[in-house]
Structures are given as C-alpha cells and as structure tokens.
Amino acid sequence: MPKQNLFAKKLKKQFLSINDSIENYFNKLKFIKSNLKKTKIIDNYRVFFVILGCVILVMSYFSIPSFYDKELIQSKIKNHAIKKYNINLNFNNEIKYSLLPKPHFVSNNLSILRNKKEIANSRNIKFFISIKDFFSSDRLIFKDIIFKKTDFNFYEEDYIFFKKLLNTEPNENKIIINDSNIFFRDLNDEVLFINKINKSEFFWDPNNLQNVLISKNEIFNLPYKLIIKNDRYNKKIILNFISKKIRLNIKNETDYNDLEKKGLLDILFVNKGTSLEYKLNKDTLKFSSFEKKNNYNGLVEFKPFYLNANFSYDGINTKSIFNDESLLVDVIKSQILNNSNLSANLTFKVKDITNIDELNNLILKINIEEGDIIFSNSSIKWKDDLEIKLSESILNNSDDEIELVGRLNLFFKDIDNFYRYFQLQKNSRKNIKEIQIDYVYNFDQNKINFDNTKIDNTQDSELENFIDVFNRSGEKIFNRITFKNFVNSFFNSYSG
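Conventions used here
Residues numbered from 1 in each chain as written. Predicted model: local features only at pLDDT ≥ 70, side-chain atom pairs only at ≥ 80, totals over all residues. Heavy atoms only, no water. Helix = DSSP H or I, 4+ residues; strand = E, 2+ residues; numbered from the N terminus. Buried < 20%, exposed > 50% of the residue type's maximum accessible area, 1.4 Å probe, protein only. Contact = heavy atoms within 4.5 Å. Areas by Shrake-Rupley, 256 points an atom, 1.4 Å probe, with all protein chains shown as cover. Core = buried A, V, L, I, M, F, W, Y, C linked by side-chain atoms within 4.5 Å. pLDDT = per-residue confidence, 0-100. Pairing = 2+ DSSP bridges. 1 Å grid on protein atoms, 1.4 Å probe; cavity = no way out; pocket = protein on both sides within 12 Å on 5 of 7 lines; lining within 4 Å. Points joined across faces, edges and corners; volume = space filled by probe spheres on them. Phe/Tyr/Trp six-rings, centres within 6.5 Å; stacked < 30°, edge-to-face > 60°. Lys NZ or Arg CZ within 6 Å of the ring centre and 35° of its normal.

Within the protein one finds eight helices and 25 strands. Sorting the 496 residues of the protein into buried and exposed places 39% on the buried side. Once local pairs closer than 6 in sequence are excluded, the contacts in the protein between residues at least 24 apart make up 43%. Of the roughly 30,100 Å² of accessible surface on the protein, a fraction of 53% belongs to carbon and sulfur atoms.

So this is what it looks like as structure tokens:
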C-alpha cells in the first residue's frame, strides 16, 4: 500500500510539471508576440523615413538642372547641335527644364537656320540629357533631340539639310521629328507640295555601320514609309519606298562616287516585280526596264517637273483598273495627281485584256496638266470587228466620287461579224459605220450613263428613248449577260 501511494504522488508531480511547462511556453509566446508588434511598428516607421529620405534626395538630384543658367544651357545646346548634326539653332523663347518622362530641356519656339536664313520653326522641341552627373552644368551630356510640330520651308538648295543628317558622325543619339510638315517651295515662294511627317528617326546603326533615316510620311493624302541608309564606307545610298495604299514597293541602291548616278530599282507594283535601270543627274532622270513582256521607259525633268513615260504589258485584268479597290482608283482618290505643279504624259499599251477575251490592244493615254487628268485619244479593240476611241475624256474627282466624263466613238471594221457574235436579229442588223455617244462613268458606283447618241452623224428618237429608260433604271454595268442584253436592245431600238 505505501508503494502504491508513492507511485501516485510521483505521477501527480510529473503531470504538474508538464502543465507548468506548457503554461510557461504560451506565456513566452504572448510576450514575444507583444514585443514583435512594437518592433514592426518601429521598423515600419524607419523604412518609411528611409524611403522618404531617398525620394527627397533623388528628387533633389534630378531638380538640380532647373537651377542652371538658362542662357548657358542654350549656348551648350547650340554647340551640341552644330557639332553633332551640323544644325544651327536659334532660341526665340527661354528654355525650361522638365523631369518627365526623362530629364530634358524644352523650348516652345525655336528656329532652325541655314546660312542665317530660317528654314524651319518648331513649336515644341526637347533636348534629353544624361543623368550621370547633374552636380555641374559643365559635365552635362546631351542625348536625343525630338522636334515636334515643326514647319520646314524648303527651297531647292535647302534639301541639303537632310543630306547632312545622313552624313553625321557615328554617335549613340537620335534625332526624332514627329507631327511636322515640309513645305516644298519654288523660287516664287509658292508651295509646290506638302510632305507631312508623322514620325521620323535619324540614327547611327553600329551593327551595319550606316546612317539611317526611317520616316513615316504622307503626301497628297498618300501614306508611305521611307527608309534611307547611308553606307559611308562603301559610298552607297540604299533606299526603300513603301506605300501599301497603292501597293508599291521600290528598292534602290546607288553609288554616289560618280557625278552621274547610275543604279537599279527593284519595283514591286500590284504584286508584280520588275527591275529598272536608271541614270540620274541634277536635271533629269532616265529609266528603262529589261523585261521583254512588260517593259517601261521614261524621262523625268526636274525644272519644271515633267514626266514622260511608256508602259507596255502583254496582259492585264480590267478588275485591277476599274473596281473600287483598284490601283487606279486608289491613286486618284489619294489626290496625288491633283497637283497644279505636276505635268505628265503617260502611255499604257496592253496587248490582251485577260478577263475579257474579246478585248485587246488597249492604248491608254493619260495627260496630266495643272491638276486635270485627261484620257483623250485612248482606244481599245473588240476582237478585230470594232475599234473604240475615247475623245474629250476628262476625270472629275469631287465630293469623294470619281467620274470619267467624255465621248465614245465606235468604228466598225466588220459589223456583220459583230452582229453574229451578239446573235442580233436579222431585221435589226443595219449597215453602220460609226456610233458616237457621250458618257459619264462613276467609278464608285460602277455605273454608266449615256447621252447624245448619234449613228453615222444622225440622231434617232427611238434610240434616245431607249437610252433615257436605261439611265433612269439605275442598272449597273456590266457583266457579260447584261452587256449582251444591252447591245441587243440598243440595236433593236434603232429605227435606222
């Protein structure tokens, strides 16, 4: 019995010891937790003040340039622009310092000079600076320059401005020109045309050792991209002109050691590639192609501007000319041809119309004079039976609609064969030599109206009634079936 009591006492004592240990452990946890909270609060305050102090120091450092002598900075910027890019600047207002998005100085009224003459005025120009050392203005390093809302007024001798940029010494900085315009003027101070610069960059490409210009532009409402590279060591200019709107891509490489520039143009035109050889001097540009099937040749005179060119094709699809997504419609809508200073005489010869078997020997003459686009003296043949000529034909481009207005003259070579093709009733077959008819063709609506019809120089009242009904019907012209029906109805209406 005494042994049992002794064992129970020892067991009870052991349980009490364990209980005390557990209670003591949790008490320590409460103490540590309480002290940890106090430590966190203190540490948070310390972190906050450290961060605040760093921010104040950084902002103070980046604010140092605002205390620089502005006249001294303007002088440094002028020297930098002349030394690096051969650009002469004149500040019309005092510059300001700005921290965002990167430290830079900004001017809202600055002139670019050439031979003491103002060739451009910029309403916003930024000079970015290196952040390495702001403690002394003497150690200031200038980097990229961004021109924005700048109007360039260029005469012939001022084109050298961009040429000099492409000859700048290698450096890691850029010149950027955004939202600006180049007004090209003649000797009478009249604007020849305006080139809108959406975004341009001049920079040195260290990998290929080239000065590079990449520019997104717009001229006569025609957007295009221009890439020019100056390979100074091989004495070559590499040019790439890209316009998706008119589906034209031109690549060119020129050796500029010779006085007369010779080169080879690779042209991708409506997904068809060709190569042109050219010779360029200060007054003219001559070009010609090597291909036998589709070949081109022409001459461009610069003073005043005049283009005379001939283009020959073995075959072409009319859909690429006349539908509302065609190259011709795109060019006309772009208004690139509606320029009073543009003169051109173009001749397109096409042996075969690939999507209309009966049409052949198209001769399309385009004469551009003071903004007028004239198609007179163009012609096409229907098999060997009929020759169709355009006379007094001119293109009207107004209110977003394109209309070709003029007169058609149809000369029959074999009218009997023509009648047989259209299966015309024998009692409607008249001996006709010539048909004359005025027309208005709307490119946007793909619709044609006729008027003032004469057959062998004589008007016919029945035929005039038929034409009036056709015009009022608003029927679009023509697929193969509707055209055949029109021809049959036309000759059936003629009383002869």
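Grouped together as the largest cluster of nonpolar side chains are 105 residues, with contacts concentrated most on F105, I112 and F491. For I112, the contacting residues outside a window of four places in its chain are I87, N88, L89, K117, E118, I119, A120, F147, F152 and F161.

To continue, consider the confidence of the model for the protein. Per-residue confidence for the protein gives a mean pLDDT of 81; residues scoring 70 or more make up 81%. Within the model, pLDDT remains below 50 along residues 6–16, and this stretch shows zero contacts once partners closer than five positions in the same chain are excluded.

The next subject is the pairing of strand β23 (residues 401–412). Moving residue by residue along a regular strand, the side chains alternate between the two faces of the sheet. Two strands pair when backbone bridges link them, and strand β22 (residues 386–398) and β23 are joined in this way by 11 bridges, in the antiparallel orientation. The residue of β23 that forms the bridge with I394 is V405. The pairing of β23 with strand β24 (residues 434–442) spans nine bridges and is antiparallel. When the bridges of β24 are listed, L408 appears paired with I437.

This structure, assessed with the given rule, holds one cavity of 30 Å³ or more. If you go around the largest cavity, the residues you meet are Y85, L165, L166, T168, E169, N171, N173, F202, F203, W204, N211 and V212. Elements represented by at least two residues in the lining of the largest cavity include exactly β8 (191–205) and β9 (210–219). Of the residues forming the lining of the largest cavity, the biggest block, three residues, is contributed by β8.

With that out of the way, let us pick up the packing of aromatic side chains. Across all of its chains, the model carries 33 aromatic pairs by this definition. Seen from their ring centres, F152 and F154 are 5.7 Å apart, and the 75° between their planes marks the pair as edge-to-face. Overall, F152 belongs to the buried group, its relative accessible area being 0%. Note on F154: relative accessible area 0%, which makes it buried. Between W382 and F422 the ring centres are 5.5 Å apart and the planes differ by 25°, which places this aromatic pair in the stacked class. Separated by 40 residues along the polypeptide, W382 in strand β21 (residues 379–382) and F422 in the loop between α6 (415–421) and β24 bring together distant segments of the chain. You'll find W382 and F422 in the same group, each marked buried. A cation over a ring is seen here: K102 above F128, with NZ or CZ 5.2 Å from the ring centre.

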